[in-house]
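# Structural description and commentary
The lines below spell out each chain.
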Amino acid sequence: MNRLPSRLLPVFAALALAGCVSAPKVLDGAYAPVQPGEVARSGATGDVVRWGGRIVRVDPLAAQSCFEIVGVRVGADGRPMARDQSDGRFIACRAGFYDPEVFQAGREVTITGRVTGFETRKVGDYDYRYPSVAADVIYLWPERKDVDVIVERYPFWW
C-alpha cells in the first residue's frame, strides 16, 4: 500500500487550516490597499476600502449612524488584528439606526465602502483630519474571549 510520508501530513494539515481562514461573504471583494492615515495625508477620495478597527463612538442621526473608529490593519479574514498600533482614525456613516449599546466603544468592526471626503474633529486639543467613508457594510465582530489553558502533566509512565 502506498502511503504518504509522515513529513507531508503537517503540510496538508496546514493547508487545510489555511483554507478555513476566510472573510465573511459580506466582506469579500477587491479593495484599495490603503490605510486611513495614508488617505488622510494624501487627500485622495473615491477609493473603495475595507478598513477595520475599534469603535470610539457611534452617533445615531436622523437618517444615518456615523461611527468614529480607530483603524488597525485587518487580517486575511477581514477581522482587525489585535495589536496596540493605529493606522489612523476614520469616520464611517451608513443609513439606518445602529444602537450605541450594541456597537459599544472598544468593539471591533470592519467596514467596506467608498472614501467620500474628510472631516476635521478634535482628539483632545489636536485637530485630527478623518477620512470619511460612505459605508456599504458595518460588520460587528463577536467579542474576543480570554481563555485560560491549563496543561496537566502526567508522569512519563502513564
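Before going into details, it helps to say that this report is about the structure given with it. Computed from a prediction, not measured in an experiment: that's the story for all the values here.

Parameters and conventions
- Residues numbered from 1 in each chain as written.
- Predicted model: local features only at pLDDT ≥ 70, side-chain atom pairs only at ≥ 80, totals over all residues.
- Heavy atoms only, no water.
- Helix = DSSP H or I, 4+ residues; strand = E, 2+ residues; numbered from the N terminus.
- Buried < 20%, exposed > 50% of the residue type's maximum accessible area, 1.4 Å probe, protein only.
- Contact = heavy atoms within 4.5 Å.
- Areas by Shrake-Rupley, 256 points an atom, 1.4 Å probe, with all protein chains shown as cover.
- Salt bridge = Lys/Arg side-chain N within 4 Å of Asp/Glu carboxyl O.
- Phe/Tyr/Trp six-rings, centres within 6.5 Å; stacked < 30°, edge-to-face > 60°.

This next bit is on the overall build of the chain. For the chain, the count of helices and strands is two helices and five strands. The secondary structure elements of the chain, listed N-terminal to C-terminal, are α-α-β-β-β-β-β. Expressed as a percentage of the 158 residues in the chain, the buried residues total 33%. Long-range contacts, defined as pairs at least 24 residues apart, comprise 63% of the intrachain contacts of the chain with a sequence gap of at least 6. On the chain, roughly 10,500 Å² of surface is accessible, and the fraction owed to carbon and sulfur atoms is 55%.

Glancing now at the pattern of salt bridges. Opposite charge on two side chains lets them pair, provided their charged atoms get close. As enumerated under the stated definition, the model contains nine salt bridges in all. Of the charged contacts, one joins Arg144 and Glu108 as a salt bridge, the two residues approaching to 3.1 Å between their closest N and O atoms. With Arg144 in the segment after β5 (126-140) and Glu108 in strand β4 (residues 108-123), this pair connects stretches of sequence that are 36 residues apart. Among the residues examined, Arg144 registers a relative accessible area of 44% and is labelled partly exposed. Take Glu108: its relative accessible area is 9%, and that puts it in the buried class. Here Lys122 makes a salt bridge to Asp127, at a shortest N to O gap of 3.1 Å. What makes Lys122 exposed here is its relative accessible area of 54%. We classify Asp127 as partly exposed; its relative accessible area is 47%.

With the rule as written, the count across this model stands at seven aromatic pairs. With a centroid separation of 5.1 Å and 65 degrees between ring planes, the pair formed by Trp51 and Phe90 is classed as edge-to-face. Remark: Phe90 occurs in strand β3 (residues 88-95) and Trp51 occurs in strand β1 (residues 48-60); sequence separation between them is 39 residues. Overall, Trp51 belongs to the buried group, its relative accessible area being 2%. Relative accessible area serves as the criterion here: at 0%, Phe90 is assigned to the buried category. Geometrically, the ring pair formed by Tyr128 and Tyr130 is edge-to-face, given 4.9 Å between the ring centres and 65 degrees between the ring planes. On the accessibility criterion, Tyr130 (0% relative accessible area) is buried.

Any functional reading would require information beyond the geometric quantities listed.
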